[in-house]
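Overview (structure and organization)
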Amino acid sequence: MNDAETTILNRREEFARVKESLDGLAAAHRIAAGVVADMQVALDEILTNIVDYGYTDGGEYEIRVRLRVLDNTLEATIEDDGQPFNPLEVPAPDTHAPLGERRIGGVGLHFVRNLMTDVRYDRVGDRNRLVLRRQLTA
Amino acid sequence: MEVKEEQVGGVTVLQVKGRLDSATSPMLGERLTAVLEAAKARVLVDFSQLEYISSAGFRILLQAAKRAEQNTAKLVLCGVSGKVRQLFDLGGFLDLFSITATREEGVAAAQ
């Protein structure tokens, strides 16, 4: 098994199926725990973002997540048909602000950009396609 | 994720095991809100069994720290190591919380 595809609805309760899929693939390929954790965090951030901001009409939509193990790389491709959104354009958060002024906005995408080896965004037709790559060597 | 609660020397210790993410953070958030409600609450959160924490986890920790400050309660974290420490560092959260290496030091700091 070198890849796994999961289609979920735009609801938080659905994320568990993507996480389980990643755990299964990681176990089959004996991927290091730290690499799996990085990808789990990145997927949690990206899926949360899509669910929270991708759709404004309260409707039910599908998000597709494809996981692949390539040469020395764990790859996740996330596709949704929500509003165009390029996470690479979100500015880094102020990580030095004191507690009273600290905001969580932007932290999740900051994690994604720093934990992944490579992040690529494309708008393909009416879909957002984000490819996350994490080198298998820690 | 599992949260185990103990009382050690007047300090409420919450041991968090597993993954702290968008699915599990609300549960820890509720526990923290509940324990920080008590007058002069003393709370230690032990992360030594935590695999990772996403921004959803940091959101509830920030809320808890702000609540603790308002209620003059004490909130201390311990066992922040490995992957979890890397995420604290990446988000600039290490300086924002009172963090000790061991549970014993954490209990002492919270008392």
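In what follows, the structure referred to is the one given above.
Residues numbered from 1 in each chain as written. Chains lettered and ligands numbered in written order. Predicted model: local features only at pLDDT ≥ 70, side-chain atom pairs only at ≥ 80, totals over all residues.

Some details on the overall build of chain A
Let me state the cut-off plainly: Secondary structure elements follow DSSP: runs of H or I of four or more residues count as helices, runs of E of two or more count as strands, with numbering from the N terminus. Partly exposed residues are those whose C-beta has more than 12 but fewer than 20 other C-beta atoms within 10 Å; 20 or more makes a residue buried and 12 or fewer makes it exposed, with C-beta atoms placed from the backbone.
Counting its regular elements, chain A contains 3 helices and 5 strands. In sequence order, chain A lays out its α and β elements as β-α-α-β-β-α-β-β. Principal-axis analysis of the C-alpha atoms gives chain A an extent of 45 × 35 × 25 Å. The buried share of chain A, taken over its 138 residues, is 33%.

Notes on the overall build of chain B
Rules: Note on method: radius of gyration uses C-alpha positions; expected globular size equals 2.2 Å times residues raised to 0.38. Throughout, a residue-residue contact means that the two C-beta atoms, derived from backbone geometry, are no farther apart than 7 Å.
Across its full length, chain B carries 4 helices and 5 strands. Ordering the α and β elements of chain B from the N terminus gives β-β-α-β-α-β-α-β-α. Taking 2.2 N^0.38 as the reference for a compact globule, 111 residues should give roughly 13 Å; the C-alpha atoms of chain B span a radius of gyration of 12 Å, in line with that estimate. The C-alpha extent of chain B, read off along each of the three principal axes, is 30 × 25 × 25 Å. Here chain B, with 111 residues, has 47% of them falling under the buried criterion. Pairs at least 24 apart in sequence give 73% of the contacts found in chain B among residues at least 6 apart.

Details of the environment of Asp95(B)
All names here are of chain B. When you line up the elements, Asp95 lands in the loop between helix H3 (82–90) and strand E5 (98–100). Owing to 12 C-beta atoms within 10 Å, Asp95 belongs among the exposed residues under this scheme. Each C-alpha atom, one on Asp95 and one on Lys74, is 16 Å from the other, the two residues being 21 residues apart in sequence.

Here we look at the nonpolar core
Generally speaking, a soluble globular protein has its nonpolar side chains buried in company with each other. Worth spelling out the cut-off: Only buried Ala, Val, Leu, Ile, Met, Phe, Trp, Tyr and Cys residues enter a nonpolar core, and they are joined through C-beta atoms within 7 Å.
Among the nonpolar cores identified, the biggest contains 67 residues, and Ala42(A), Val43(B) and Leu44(B) are the most heavily contacted of them. Of all the elements, helix H2 (residues 33–53) of chain A adds the most residues to this core, at 11 residues. Leaving out residues up to four positions away in the same chain, Leu44(B) has contacts with Val11(B), Val13(B), Val76(B), Cys78(B), Gly106(B), Val107(B) and Ala110(B).

Topic: the sheet that holds strand E3 (residues 42–53) of chain B
Residue and element names in this part refer to chain B. For clarity, the threshold we go by: Pairing between strands is defined by DSSP: at least two bridges between the two strands are required. Axis definition: a line fit to C-alpha positions, over the contact stretch in the case of helices; interaxial angles, taken between N-to-C directions, run 0 to 180 degrees.
With mixed pairing, the 5 strands of this open sheet are ordered in space as E1-E2-E3-E4-E5. Two strands bound the open sheet, and with one partner strand each, they are strand E1 (2–8) and E5. Sheet twist, expressed as the mean angle between neighbouring strand axes with direction ignored, is 25°. When E1 meets strand E2 (residues 11–20), the two strands line up antiparallel, connected through 7 bridges. Bridge pairing in E2 places Glu5 opposite Leu14.

Description of the sheet that holds strand E2 (residues 62–70) of chain A
Whether parallel or antiparallel, the strands of a sheet pair through hydrogen bonds between backbone atoms. Residue and element names in this part refer to chain A. If you walk across this open sheet you meet the 5 strands as E1-E2-E3-E5-E4, and the pairing is antiparallel. Edge positions in the open sheet fall to strand E1 (3–9) and strand E4 (118–124), since each of these has one partner strand only. On average, adjacent strands in this sheet sit at an angle of 15° to one another, irrespective of strand direction. Judged from the 7 bridges that link them, E1 and E2 form a sheet pairing that is antiparallel. Counterpart to Thr7 in the pairing with E2 is Arg64. Each of E2, strand E3 (73–80) and strand E5 (127–135) touches H2; the most contacted strand, E3, lies at about 10° to it.

Observations concerning the interface of chain A and chain B
To be explicit about the condition: Each residue gets one of three labels, nonpolar for Ala, Val, Leu, Ile, Met, Phe, Trp, Tyr, Cys and Pro, charged for Asp, Glu, Lys and Arg, and polar for the others, Gly among them.
Facing 20 residues of chain A, the contacting portion of chain B comprises 21 residues. Elements represented by at least two residues in the side of chain A that touches chain B include exactly helix H1 (15–28), H2 and helix H3 (107–115) of chain A. The dominant element in the side of chain A that touches chain B, judged by the number of residues it contributes, is H2(A), at 7 residues. For the side of chain A that touches chain B, the per-class residue count stands at 8 nonpolar, 8 polar and 4 charged.

A short note on the pairing of E2(A)
Residues and elements named next belong to chain A. As judged from the 8 bridges shared by E2 and E3, these two strands associate in the antiparallel manner. Its bridge partner being in E3, Val69 is matched across the sheet by Leu74. In textbook terms, the turn of a hairpin is the stretch between consecutive antiparallel strands, and for E2 and E3 this stretch comprises 2 residues, one of which, Asn72, has a positive phi near 55°.

Focus: H3(B)
Quick reminder of the rule: An arc is given here, and it is the one of the directions from the helix axis to the C-beta atoms.
Listed as buried for H3(B) are Val84(B), Leu87(B) and Phe88(B). When H3(B) is viewed along its axis, its buried side chains cluster within an angular range of 100° and face the same direction. Packed against the buried residues of H3(B) are H3 of chain A together with E3 of chain B.

By themselves these figures say nothing about function.
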